[in-house]
Amino acid sequence: MVRQERAEDHEAVREVHTQAFGDGERVPTLVDVLRAVQTSLASLSLVATVGERVVGHVMLSACRLDALPRLVDVFSLSPLGVLPEFQRRGIGTRLVAHALAGAGSLGVPLVFLEGSPHYYGKRGFADATKLGFRPPTLRYSPGVFQVARLSSYEEWMTGTFVYSDVFWALDCVGGRDERLAAAQPGATIPK
């Protein structure tokens, strides 16, 4: 089952990301800070449960597209994590599908991420650079900067993707660790 995250899920979500990423506190801290930040576009935070147990989590948070006519509110899909023992069962795929549907229902035109082209290419994402978008950093490996164009997307919406300050403050932008770049599918890779 996929549903909105509730306050009582926070510790379970921390555990999901701790186990999924094996990266200490970086990703759980990112989620905690993104929850607390006030933005013009509210975050969308979803959990997957098996019975009553939280086994997966995805977060969409407010970012911007610096387009020529004006700034456009967009989402970043990060992080996405599934407990290792529940990976490769379609849970990550369902979380991504629900996240994109939620973004679309809010009228958000674009969802960006950095992650495996093989994994996310099958789930509605394409190479953002090839579609005319500029990445926020030069530290991306080829193909990991991806975008899903949703129903409210318009052709003039091209430009530079700009992460919120939280991603920069926590140094969660761009490829710094090649080990993480090769991480298992089912995890968007905050650096």
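Definitions and cut-offs
Residues numbered from 1 in each chain as written. Predicted model: local features only at pLDDT ≥ 70, side-chain atom pairs only at ≥ 80, totals over all residues. Heavy atoms only, no water. Helix = DSSP H or I, 4+ residues; strand = E, 2+ residues; numbered from the N terminus. Rg over C-alpha atoms; globule rule 2.2 N^0.38 Å. Contact = heavy atoms within 4.5 Å. Areas by Shrake-Rupley, 256 points an atom, 1.4 Å probe, with all protein chains shown as cover. Buried < 20%, exposed > 50% of the residue type's maximum accessible area, 1.4 Å probe, protein only. Pairing = 2+ DSSP bridges. pLDDT = per-residue confidence, 0-100. Phe/Tyr/Trp six-rings, centres within 6.5 Å; stacked < 30°, edge-to-face > 60°. Arc of directions from axis to C-beta.

Visitor: An account of the overall build of the protein chain is requested, with residue identities and associated values reported.
Guide: Each helix and strand counted, the protein chain has six helices and eight strands in total. Its helices and strands in sequence order give the protein chain the pattern β-α-α-β-β-β-α-β-α-β-β-β-α-α, from N to C terminus. The C-alpha radius of gyration computed for the protein chain amounts to 15 Å, which stays within 12% of the reference 16 Å derived for 191 residues, consistent with globular compactness. For the protein chain, the spread of C-alpha atoms along the three principal axes comes to 45 × 35 × 30 Å. Counting only contacts in the protein chain whose residues sit at least 6 apart along the sequence, the fraction spanning at least 24 positions is 70%. Counting only carbon and sulfur atoms, one obtains 54% of the accessible surface of the protein chain, whose full area is about 8,700 Å².

Visitor: Report on the pairing of strand S2 (residues 44-50), specifying residues and quantitative values.
Guide: S2 sits mainly inside the fold: six of its seven residues count as buried. Bridging between S2 and strand S3 (residues 53-67) involves seven bridges; their strand directions are antiparallel. Along S3, the bridge assignment pairs valine 47 with histidine 57. Hairpin connection of S2 to S3: two residues between the antiparallel strands, including glycine 51 at a positive phi of 65°.

Visitor: Please provide a residue-by-residue account of the confidence of the model for the protein chain, values included.
Guide: Overall, the predicted model of the protein chain reaches an average pLDDT of 90, with 91% of residues at or above 70. Mean pLDDT across the secondary structure elements of the protein chain bottoms out at helix H6 (residues 178-181), with 41, and peaks at helix H3 (residues 91-105), with 98. When the criterion is pLDDT under 50, residues 176-191 qualifies, and its contacts beyond four places in sequence or with other chains add up to 46 contacts.

Visitor: How would you sum up the packing of aromatic side chains? Please name residues and give values.
Guide: On inspection of all chains with the given rule, the structure shows ten aromatic pairs. Ring geometry for phenylalanine 112 and phenylalanine 133: centres 5.3 Å apart, planes at 85°, overall edge-to-face. Here phenylalanine 112 is found in strand S5 (residues 110-114), whereas its partner phenylalanine 133 is found in the loop between strand S6 (126-127) and strand S7 (145-149), with 21 residues between them in sequence. With 4.8 Å between their ring centres and 80° between their planes, tyrosine 119 and tyrosine 120 make a pair best called edge-to-face. Neither residue differs from the other here; tyrosine 119 and tyrosine 120 are each classed as buried. Here the aromatic residues Phe112, Phe133, Tyr140, Phe145, Phe161, Tyr163, Phe167 and Trp168 are joined through ring pairs into a cluster of three or more.

Visitor: Explain helix H2 (residues 26-36) to me, using residue names and the numbers behind them.
Guide: Each α-helix winds once per 3.6 residues, and so residues spaced three or four apart point in a common direction. Residues of H2 that are buried include every one of Val27, Pro28, Leu30, Val31 and Leu34, and no others. Down the axis of H2, the buried side of the element spans an arc of 155°, and every buried residue falls inside it. Next to the buried residues of H2 lie helix H1 (10-21), S3, strand S4 (71-82) and helix H5 (165-169).

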